[in-house]
Amino acid sequence: MKSGFVAVVGRANAGKSTLINVLVGEKVAIVSPKPQTTRDRILGILTTEDYQIAFVDTPGIYKADNLLNSVMQKTTADASQDVDLVLFVIDAHEGLSDTDRELVKKYAKQSVPTVLVLSKTDIMNESLLISELKELSSEGLDIVPVSARKNKNLKELLKVILSKLPEGERIFKEDIVSDRSYKFMISEIMREKILLKFDKEIPHGVAIIINKFFLRENGNTYEINLDIVCEKPNHKAILIGKGGKAIKEVSSFARQDMEKFLGKKVFLTTYIKVKEDWRNSAGLMKEYGYGEENM
């Protein structure tokens, strides 16, 4: 059988997490239209009788402006080296940027094989797609245009991936779809809902800390107690909202997804705390679980 690790890289908001979720058939990574949604290296594992592919979701590539972002960029760079294949995902409907062109040349030169994936083709002009395909073909890399949301051309993408993976045994048990714990996924669900509800810098300055996570004796309800850490007092006020309306809405939204993920009822309690400029504090970042190996 075929088996191996495939790093999924690309600029922020290129559609990497959506692609992995659809390929794996489970939600293993949170999704939002905002950059910096993915902060960690997350595995999504697709297993069949004939192959096992461990997709490595990575933070989007962009210019780092704080310590957290620097660690995230290092995570992406490291992930693209220690794998069997790289999928470089490009948001095709926005058109190729100079950064895309530079990154394509970079990945074309590295020792790890690279496949270019043009995403979001369902919402783009066909003439633009043809133009992009012609321009990118000069680098000699395989190019696969896809639409994850419309499930378009994903079988072809899997064929290309499998043609480049080595023969080998299963790396993970066949019933595992992610390397992340339930606690991690619960914190990510909360962060996803904050990303979707709030604008500007507020959601990017948020960390989620799980204080309690356990199944009650009745076996039907999870009790979850968590902190939402933000960077400024005025951010806390916005997160709470008038009369607590905002935090109640986002918590309700998150609880519904948590119940869907866990398959049980959830009793959720949330608190909001301020830790100013935590994204530039190595100690606080380590405490919150970001980039421990890089500290």
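Let us now look at the sheet that holds strand β1 (residues 2-10). If you trace the six strands from one edge of the open sheet to the other, you get β2-β3-β1-β4-β5-β6, paired in mixed fashion. If you trace the sheet from one side to the other, it starts and ends with β2 (42-47) and β6 (142-145), each paired once. Between one strand axis and the next, the sheet turns through 25° on average, direction left out of account. By the bridge criterion, six bridges tie strand β4 (residues 85-91) to strand β5 (residues 114-119) in an arrangement that is parallel. Pairing of Val86 across the sheet is with Thr114, part of β5.

Moving on, we get to the sheet that holds strand β7 (residues 207-215). Strand order in this open sheet of three strands is β7-β8-β9, and the pairing throughout is mixed. Unpaired on one side and paired on the other, β7 and β9 (265-274) mark the two borders of the sheet. Neighbour-to-neighbour, the strand axes of the sheet open up by a mean angle of 15°, direction not taken into account. Packing against the sheet, helix α7 (residues 233-240) makes contact with β8 (221-230) and β9, and its axis sits at approximately 150° to β9. Along the sheet face, helix α8 (residues 245-262) touches β7, β8 and β9 and points at about 135° away from the line of β9.

This part takes up the pattern of salt bridges. By the definition in use, this model includes 17 salt bridges. Between Asp257 and Lys27 there is a salt bridge, with its nearest N and O atoms 3.9 Å apart. Placement of the pair is Asp257 in helix α8 and Lys27 in the loop between α1 (16-24) and β2, with a sequence separation of 230 residues. With relative accessibility at 38%, the residue Lys27 sits in the partly exposed group. In this structure, Asp227 engages Lys273 in a salt bridge whose closest nitrogen and oxygen atoms are separated by 3.2 Å. Of the two residues, Asp227 sits in strand β8 while Lys273 sits in strand β9, which places them 46 residues apart along the sequence. Asp227 gets classed as buried once you look at its relative accessible area, which sits at 7%. When its relative accessible area of 42% is taken as the criterion, Lys273 is described as partly exposed. In this structure, a network of salt bridges that share partners links the residues Lys27, Glu192, Lys193 and Asp257.

Within the fold, Asn21 resides in helix α1. For Asn21, a relative accessible area of 12% gives the class buried. Among the polar contacts made by the side chain of Asn21, one reaches the main-chain carbonyl oxygen of Ala29 at a distance of 2.8 Å. Excluding residues that lie within four positions of it along the chain, Asn21 makes contacts with Glu26, Lys27, Val28, Ala29 and Val31.

With 27 residues, the main nonpolar core has Leu19, Ile53, Phe55, Leu87, Leu157 and Ile161 as its most contacted residues. When contributions to this core are tallied by element, the ones reaching two or more residues are β1, α1, β3 (51-57), β4, β5 and α5 (154-164). For this core, the element with the most residues is α5, which contributes six residues. The contact partners of Leu19, leaving out residues within four places of it in the chain, are Val89, Val117, Val146, Ala148, Leu154 and Leu157. With 24 residues, the next largest nonpolar core counts Ile186, Cys230, Leu239 and Val266 among its residues.

With that out of the way, let us pick up the pairing of β6. In this structure, β5 lies alongside β6, joined through four bridges in parallel fashion. Bridging across to β6, Leu118 finds its partner in Pro145. Between β5 and its parallel partner β6, the chain crosses via helix α4 (residues 126-136), and the hand of that crossover is right-handed.

A rise of 1.5 Å per residue sets the reference length of helix α3 (residues 98-109), with its twelve residues, at 16 Å; its end C-alpha atoms lie 17 Å apart and thus fit the reference within 8%. Residues of α3 that are buried: Asp100, Leu103, Val104 and Tyr107. For α3, the buried positions fall inside an angular range of 105° around the axis, keeping them on one side. Among the exposed residues of α3, those oriented more than 90 degrees off its buried face are Asp98, Glu102 and Lys109. Looking at the buried side of α3, the elements it contacts are β1, β4, β5 and α4.

What counts, and where the lines are drawn
- Residue numbers run consecutively from 1 along every chain, following the written order of its sequence.
- The predicted origin of the model limits local features to residues at a pLDDT of at least 70 and limits the giving and counting of side-chain atom pairs to 80 or more, whereas totals for whole chains, interfaces and linings rest on all residues.
- The basis for the side-chain values is all heavy atoms of the structure; hydrogens and waters are excluded.
- The rule for pairing is simple: two strands pair if DSSP sees at least two bridges between them.
- Only runs of H or I of at least four residues qualify as helices and only runs of E of at least two qualify as strands under DSSP, and these elements are numbered from the N terminus.
- The axes used here are C-alpha line fits, helices contributing only the stretch in contact, and every angle between their N-to-C directions lies in the interval 0 to 180 degrees.
- In what follows, a contact means two residues having at least one pair of non-hydrogen atoms within 4.5 Å.
- For this document, the term salt bridge refers to a Lys or Arg side-chain nitrogen within 4 Å of an Asp or Glu carboxyl oxygen.
- Each residue's exposure class comes from its accessible area (1.4 Å probe, protein chains only) as a fraction of the maximum for that residue type: buried when under 20%, exposed when over 50%, partly exposed otherwise.
- What qualifies as a polar contact is a pair of N or O atoms within 3.5 Å, subject to a donor-acceptor requirement within protein and to the restriction that residues adjacent in sequence count only when both atoms come from side chains.
- In this description, a nonpolar core means a group of buried Ala, Val, Leu, Ile, Met, Phe, Trp, Tyr and Cys residues linked to one another through side-chain atoms lying within 4.5 Å.
- Here is how to tell: hold the view so the strands point away, follow the path from the first strand over the helix to the second, and if it runs clockwise the crossover is right-handed.
- Expected span of a helix: the number of residues minus one, times 1.5 Å.
- As used here, the arc belongs to the directions running from the helix axis to the C-beta atoms.

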